[in-house]
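One-letter residues, chain by chain:
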Amino acid sequence: MQEQQKATEKMNGAAKAIKSEASDAFKDFTDSAIELKDRVQAASSNAVEQTVDVVKKYPVYTALGAAAVGFIAGIFINRNKH
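What this report covers is the structure whose coordinates are included nearby.

## Regarding the overall build of the chain
Looking only at helices and strands, the chain features 2 helices and 0 strands. For 82 residues, the compact-globule formula gives about 12 Å, and the C-alpha radius of gyration of the chain, at 29 Å, lies well above that figure. By principal-axis analysis of the C-alpha atoms, the chain measures approximately 85 × 40 × 5 Å. Burial analysis of the chain (82 residues in total) assigns 0% to the buried set. Accessible area of the chain: about 7,700 Å², with a carbon and sulfur share of 63%. Taking the 11 positively charged and 10 negatively charged side chains of the chain as two groups, their mean positions are separated by 10 Å.

Spelled out as structure tokens, the structure:
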């Protein structure tokens, strides 16, 4: 009976250790995910600001470039339909 109790305690200890390690791993993962989200958010915000600055600085060239991209995309889309 005492051996069974020792085995149970040993199993409970192992289970607690596994639970602790899993909890730590999950916390590390969530911390990394939050850090990555923050970095991506900052980078995308910076990219948007730079894009707005370029559009304000060169509005005519931006409109011509957008028209050219749309025209070329239209050619490829119509070409694939036939």
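Continuing now.
## So, the pattern of salt bridges
All told, the structure shown has 2 salt bridges when counted by the stated rule. Asp-31 serves as the salt-bridge partner of Lys-27, at 3.3 Å between the closest nitrogen and oxygen. One end of the pair, Lys-27, and the other, Asp-31, are both in helix 1 (residues 2-57), 4 residues apart, so they sit about a helical turn from each other. Close ionic contact of Asp-38 with Lys-37 constitutes a salt bridge, the shortest N to O distance being 3.0 Å. In this structure Asp-38 comes out as partly exposed when scored by relative accessible area, which is 39%.

## What to know about a nonpolar patch on the surface
A contiguous nonpolar patch, built from Val-54, Tyr-58, Val-60, Tyr-61 and Leu-64 and spanning about 550 Å² of accessible area, is present on the exposed surface. Looking at which element gives the most residues to the nonpolar patch, the answer is helix 2 (residues 59-81), with 3 residues. Mapping Tyr-58 onto the fold places it in the loop between helix 1 and helix 2.

## Digging into the environment of Leu-64
Here Leu-64 shows up in helix 2. A sequence separation of 10 residues divides Leu-64 from Gly-74, and the C-alpha atoms of the two residues are 15 Å apart.

## Side note on the packing of aromatic side chains
Under the counting rule described, the total for this entry stands at 1 aromatic pair. With a centroid separation of 6.4 Å and 55° between ring planes, the pair formed by Tyr-58 and Tyr-61 is classed as tilted. Residue Tyr-61 is classed as exposed on the basis of its relative accessible area of 63%.

## Description of the environment of Arg-39
In this fold, Arg-39 is placed in helix 1. When its relative accessible area of 55% is taken as the criterion, Arg-39 is described as exposed. Distance in space between the C-alpha atoms of Arg-39 and Lys-56 is 26 Å, their sequence separation being 17 residues.

The rules we used
- Residues numbered from 1 in each chain as written.
- Predicted model: local features only at pLDDT ≥ 70, side-chain atom pairs only at ≥ 80, totals over all residues.
- Heavy atoms only, no water.
- Helix = DSSP H or I, 4+ residues; strand = E, 2+ residues; numbered from the N terminus.
- Rg over C-alpha atoms; globule rule 2.2 N^0.38 Å.
- Buried < 20%, exposed > 50% of the residue type's maximum accessible area, 1.4 Å probe, protein only.
- Areas by Shrake-Rupley, 256 points an atom, 1.4 Å probe, with all protein chains shown as cover.
- Lys, Arg positive; Asp, Glu negative; His and termini not counted.
- Charge placed at Lys NZ, Arg CZ, Asp CG, Glu CD.
- Salt bridge = Lys/Arg side-chain N within 4 Å of Asp/Glu carboxyl O.
- Patch = residues over 30% accessible without salt bridge, like charges linked within 9 Å, V, L, I, M, F, W, Y side chains within 5 Å.
- Phe/Tyr/Trp six-rings, centres within 6.5 Å; stacked < 30°, edge-to-face > 60°.

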